[in-house]
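Tertiary structure, described
Listed here are the chains, written in short residue letters.
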Protein chains: 2
Amino acid sequence: MATTLTIELPGEPTPTGYERSCEEASPGSDHGRAIRDVLDRIGDKWSLLVVGTLRRERLRFTELQRHIPGISQRMLTLTLRQLERDGLITRTVHAEVPPRVEYELTPLGGTLIQLAMALADWAIENHPRIEDSRAAYDAAHQR
Amino acid sequence: MATTLTIELPGEPTPTGYERSCEEASPGSDHGRAIRDVLDRIGDKWSLLVVGTLRRERLRFTELQRHIPGISQRMLTLTLRQLERDGLITRTVHAEVPPRVEYELTPLGGTLIQLAMALADWAIENHPRIEDSRAAYDAAHQR
DNA sequence: CAGTATCCCCCACGATACTG
DNA sequence: CAGTATCGTGGGGGATACTG
């Protein structure tokens, strides 16, 4: 069983949201705001990592913290709250002592994973080129 | 006329870079660094906008500034320098008076466009859901 | 025209301490 | 266990002025 992701690559101008939003002076437009909102979330330090960690299993607060080395309680809380507010994860409190709270991806959060994977694949494939370019640039411009 | 690119997304564990980097305590690992580097670039305020503006035409400094309302000279310069250092755009100085400097995408920069489009499409398609979720969350948690 | 150079502000994030 | 509350800091980014 495999999912199929289809991307339209316009040979002729079939303007995508991105193209249109670039034309029309991006920020301020509705599309500009949508893109900015999403970029703010995936561009921050922890969101994508949290989503990735939840991709297969529902996890508790402390378990998440163990899976994501370096994250502080504060940032884990904040990140989880934002993801919950945006409808990307759910937070379930079980009425027990001691308290048990579980987080899991929503379907919407699941679709974000596809994006994250495309991003990660591009990053990993092209990072060597980027590093080489940086080295060359630094060599040419240092004094 | 449009080309169709179809990608098989494995339903069974064929770990992608993203998945692997989530497993292995992302930051610190090589993949973690690659992803972070790319995220830092596309997550910032102007890079994606600059790349998008250059997607079809080579442009001069002032032209870029006109196409991207709100960007300051300083931020345009900084953004262009980083993109150039990462090998995503080229900077060509023509020996003329007055000076003429033109920026254009490299092939590597061109591949970034694909990413940007996937991102933008996801953002535009899902933004309504996100906004609804936010409204619901805020209504439920306000005091 | 295509940038530097300064100054300043805000806030994302980290560290630490405390709590229902 | 799963969080708040508080304090402090770095640097991303804006405004403005100046220059080869």
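What counts, and where the lines are drawn
- Residues numbered from 1 in each chain as written.
- Chains lettered and ligands numbered in written order.
- Predicted model: local features only at pLDDT ≥ 70, side-chain atom pairs only at ≥ 80, totals over all residues.
- Heavy atoms only, no water.
- Pairing = 2+ DSSP bridges.
- Helix = DSSP H or I, 4+ residues; strand = E, 2+ residues; numbered from the N terminus.
- Axes fitted to C-alpha atoms, helices over the stretch in contact; angles between N-to-C directions.
- Parallel < 35°, antiparallel > 145°, perpendicular 65-115°, else oblique.
- Left-handed = near helix turned anticlockwise from the far one by under 90°.
- Contact = heavy atoms within 4.5 Å.
- Nonpolar A, V, L, I, M, F, W, Y, C, P; charged D, E, K, R; others polar.

An unreviewed UniProt entry annotates chain A as Putative HTH-type transcriptional regulator YybR of Microbacterium trichothecenolyticum.

All names here are of chain A. Spatially, three strands are ordered β2-β4-β3 in an open sheet, and the strand pairing comes out antiparallel. Two strands close off the open sheet at either side, each with one partner strand: β2 (59-60) and β3 (89-94). Note that β2 and strand β4 (residues 100-105) share two bridges and pair antiparallel. When the bridges of β4 are listed, Arg60 appears paired with Glu102.

Moving on, we get to the packing of helix α6 (residues 107-141) of chain A against helix α6 (residues 107-141) of chain B. Contact geometry for α6 of chain A and α6 of chain B: axes closest at 11 Å, N-to-C directions at 165°. On the basis of the axis angle, α6 of chain A is roughly antiparallel to α6 of chain B. As α6 of chain A runs across α6 of chain B, the sense of the crossing is left-handed. Contacts from Leu108, Thr111, Leu112, Leu115, Ala118, Leu119, Trp122, Asn126, Arg129 and Ile130 of chain A in α6 of chain A reach Leu108, Thr111, Leu112, Leu115, Ala118, Leu119, Trp122, Asn126, Arg129 and Ile130 of chain B in α6 of chain B. Taken together, the residues that form the contact of α6 of chain A with α6 of chain B break down as 14 nonpolar, four polar and two charged.

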